[in-house]
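Take a look at the letters that make up each chain.
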Amino acid sequence: MAIKNVTVAGGGVLGSQIALQSAYCGMNVTIWGRSEESHERTKPKLERYAGIYKQTLEETKTNPAIRARGLSDEGATAEELDALIAKVDPALASIKFTTSYEEAAKDADLIIEAVVEDAAQKIAFYQAIAPFIPEHTLMVTNSSYIVPSTFAEYTGCPERYLAMHFANDIYRGNTAEIMPHPGTDMDNYNTVVDFARAIRMEPICLYKEQFGYLLNSLLLPWFSAAENLWADDISDPQTIDKVWMLATGAPSGPFMILDTVSLPTIYAVLKTNPDAQDPTHVKYRLAQKLKEKIDKGETGVNAGKGFYDYTK
């Protein structure tokens, strides 16, 4: 089965990116959200990324090193890049929005669940949409850490369910980690691999379930070390990032990346850690400091401010 109609459930940091990338690559895309208010929060994210797509493609004309793998092929000519730029606005305009579970499911070949990283909210979504899912429809979770077997029984289609996790800035870091649960039919797994390639992602194939997949399994200890230094007032985020970048030559430090991931996502994952409930533990202090920033609206790049100020 070739996937053409895609529903993305959730229009947050990654949901909005997945939707735009899929539309850019010719898919018919619908975003499901809980309310019209949630859609209004999604639209500026889509517009921001559409602007990034066009700017990146334009800059690639004069500096091929800027090329983003999710947007253009190596060696693309100026004319080819112009044609890709011309695709961006129509792709953005083509995205549909709905708050209806039935409408979200009825024509979908693939439903990509990108609901907030909270098991209860994800389960509630699966239970609500399950009665409307057609027999051919595949479903994946974009969960950052929770493995798909946690939710398979609630989907109503466990053999057609698996995980496909995207990295942030998917137009540039174009990976899609594809992970089955024990009940996934491997023909369906292979269809999702083909879909990943169709939207210019590089399929990263996992053979069995792993908390954190591959990328986050590597990143989590790094994030944790940086967060603990900040939580214990050893140093500030900018200085921690600086020493990492200067010493390793990396273009970004951990707190820059956390701003892209978004602080509410980091906080939601942290709250699942029992240590975050222990007032004597560094994770508790970290949770308090993250909550203070979130309460001030400093949630990351899309808010204009997180650990860094993006309005300047």
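Residues numbered from 1 in each chain as written. Predicted model: local features only at pLDDT ≥ 70, side-chain atom pairs only at ≥ 80, totals over all residues. Heavy atoms only, no water.

S.K.: Would you mind showing me how to read the overall build of the protein chain here?
M.R.: Along its length, the protein chain carries twelve helices and eight strands. Considering the protein chain as a whole, with its 312 residues, one finds that 50% of them fall into the buried category. Restricting to contacts in the protein chain with at least 6 residues of sequence separation, those with at least 24 account for 67%. With 29 positive and 41 negative side-chain charges, the protein chain shows a spacing of 4 Å between the two charge centroids. (Helix = DSSP H or I, 4+ residues; strand = E, 2+ residues; numbered from the N terminus. Buried < 20%, exposed > 50% of the residue type's maximum accessible area, 1.4 Å probe, protein only. Contact = heavy atoms within 4.5 Å. Lys, Arg positive; Asp, Glu negative; His and termini not counted. Charge placed at Lys NZ, Arg CZ, Asp CG, Glu CD.)

S.K.: Looking at this model, I keep getting lost on the nonpolar core. Mind explaining?
M.R.: Across soluble globular proteins, you tend to see nonpolar side chains buried next to one another. In this structure, M164, F166 and F195 are the most contacted members of the largest nonpolar core, which totals 46 residues. Listed in part, the 21 residues of the second largest apolar core include I240, Y267, V282 and A287. (Core = buried A, V, L, I, M, F, W, Y, C linked by side-chain atoms within 4.5 Å.)

S.K.: Whenever I open this one, the environment of F151 confuses me. Can you help?
M.R.: Tracing the backbone through its elements, the reader meets F151 in the loop between β5 (138-141) and α6 (152-155). Residue classification places F151 among the buried positions, given a relative accessible area of 0%. In the structure, F151 is positioned ten residues away from T141 in sequence and 9.0 Å away in space, judged by C-alpha atoms. Apart from residues no more than four positions distant in its own chain, F151 is found in contact with A119, K122, I123, Y126, I146 and Y161.

S.K.: What is the right way to look at helix α1 (residues 13-24) in this model?
M.R.: Counting along an α-helix, one turn takes 3.6 residues, and residues three or four places apart therefore face a common direction. Relative to the 16 Å expected for twelve residues at 1.5 Å per residue, α1 spans 17 Å between its end C-alpha atoms, a close match to the ideal helical length. Among all positions in α1, only V13, L14, G15, S16, Q17, I18, A19, L20, Q21, S22, A23 and Y24 are buried. Positive phi shows up at G26, right after α1, with a value of about 95°. (Expected span 1.5 Å × (residues − 1).)

S.K.: I keep staring at the sheet that holds strand β4 (residues 110-113) and nothing clicks. Help me out?
M.R.: In a beta sheet, neighbouring strands are held together by backbone hydrogen bonds and run either parallel or antiparallel to one another. The eight strands lie next to each other as β3-β2-β1-β4-β5-β6-β7-β8, forming an open sheet whose pairing is mixed. Sheet topology places β3 (96-98) and β8 (202-205) at the edges, where each strand pairs with a single neighbour. Each neighbouring strand pair of the sheet contributes to a mean axis angle of 25°, computed without reference to strand direction. Along the sheet, helix α5 (residues 119-129) makes contact with β1 (5-9), β2 (28-32), β4, β5 and β6 (161-166), crossing β4 at roughly 155°. In this fold helix α7 (residues 186-198) packs onto β1, β4, β5, β6, β7 (175-179) and β8, with an angle of close to 175° to the strand it touches most, β7. (Pairing = 2+ DSSP bridges. Axes fitted to C-alpha atoms, helices over the stretch in contact; angles between N-to-C directions.)

S.K.: Any chance you could explain the state of the cysteines here in plain terms?
M.R.: Any covalent bond linking the sulfur atoms of two cysteines counts as a disulfide. All chains considered together, the criterion is met by zero disulfides. No disulfide involves C25; its nearest neighbouring cysteine sulfur is the one of C205, lying 18 Å away. (Disulfide = S-S within 2.5 Å.)

S.K.: Quick question: what am I supposed to make of the packing of aromatic side chains here?
M.R.: Any two aromatic rings considered together are summarised by their centre-to-centre distance and by the angle between their planes. Within this structure, the stated rule accounts for 14 aromatic pairs. When the centroid spacing of 6.1 Å and the interplanar angle of 75° are considered together, the rings of W230 and F255 count as edge-to-face. With W230 in helix α8 (residues 215-231) and F255 in helix α10 (residues 254-261), this residue pair connects regions lying 25 residues apart in the sequence. Taken together, the aromatic side chains of W32, Y101, F125, Y126, F151 and Y161 make up a single cluster linked through ring pairs. Directly above the ring of Y49 sits R48, whose terminal nitrogen or CZ lies 5.1 Å from the centroid. (Phe/Tyr/Trp six-rings, centres within 6.5 Å; stacked < 30°, edge-to-face > 60°. Lys NZ or Arg CZ within 6 Å of the ring centre and 35° of its normal.)

S.K.: Help me out: how do you make sense of helix α12 (residues 282-295) in this one?
M.R.: In this model, α12 (14 residues) spans 20 Å end to end at C-alpha, consistent with the 20 Å of a helix rising 1.5 Å per residue. Of all the positions in α12, only V282, K283, L286, A287, K289, L290 and K293 are classed as buried. Against the buried residues of α12 lie α8 and α11 (263-270). Two residues or fewer after α12 comes G297, characterised by a positive phi angle close to 85°.

S.K.: I'm lost on unusual backbone geometry in this one. Help?
M.R.: Negative phi characterises most residues that are not glycine, and trans characterises most peptide bonds. Its identity as a non-glycine residue notwithstanding, D169 has a phi of 55°, on the positive side. Tracing the sequence through the fold places D169 in the loop between β6 and β7. Backbone geometry places Y213, a non-glycine residue, at a positive phi of 55°. With respect to the helices, strands and loops of the structure, Y213 is situated in the loop between β8 and α8. Here Y213 falls in the buried class, since its relative accessible area comes to 0%.

S.K.: When you look at the pattern of salt bridges in this model, what are you seeing that I'm missing?
M.R.: Considering all chains together, one arrives at 15 salt bridges under this definition. The partner of E58 in a salt bridge is K61, with the nearest N and O atoms 3.2 Å apart. Of the two residues, E58 and K61 are both situated in helix α2 (residues 36-62); the distance of three residues between them amounts to about one turn of the helix. Taken together, the shared-partner salt bridges in this structure form one network comprising E58, K61 and D82. (Salt bridge = Lys/Arg side-chain N within 4 Å of Asp/Glu carboxyl O.)

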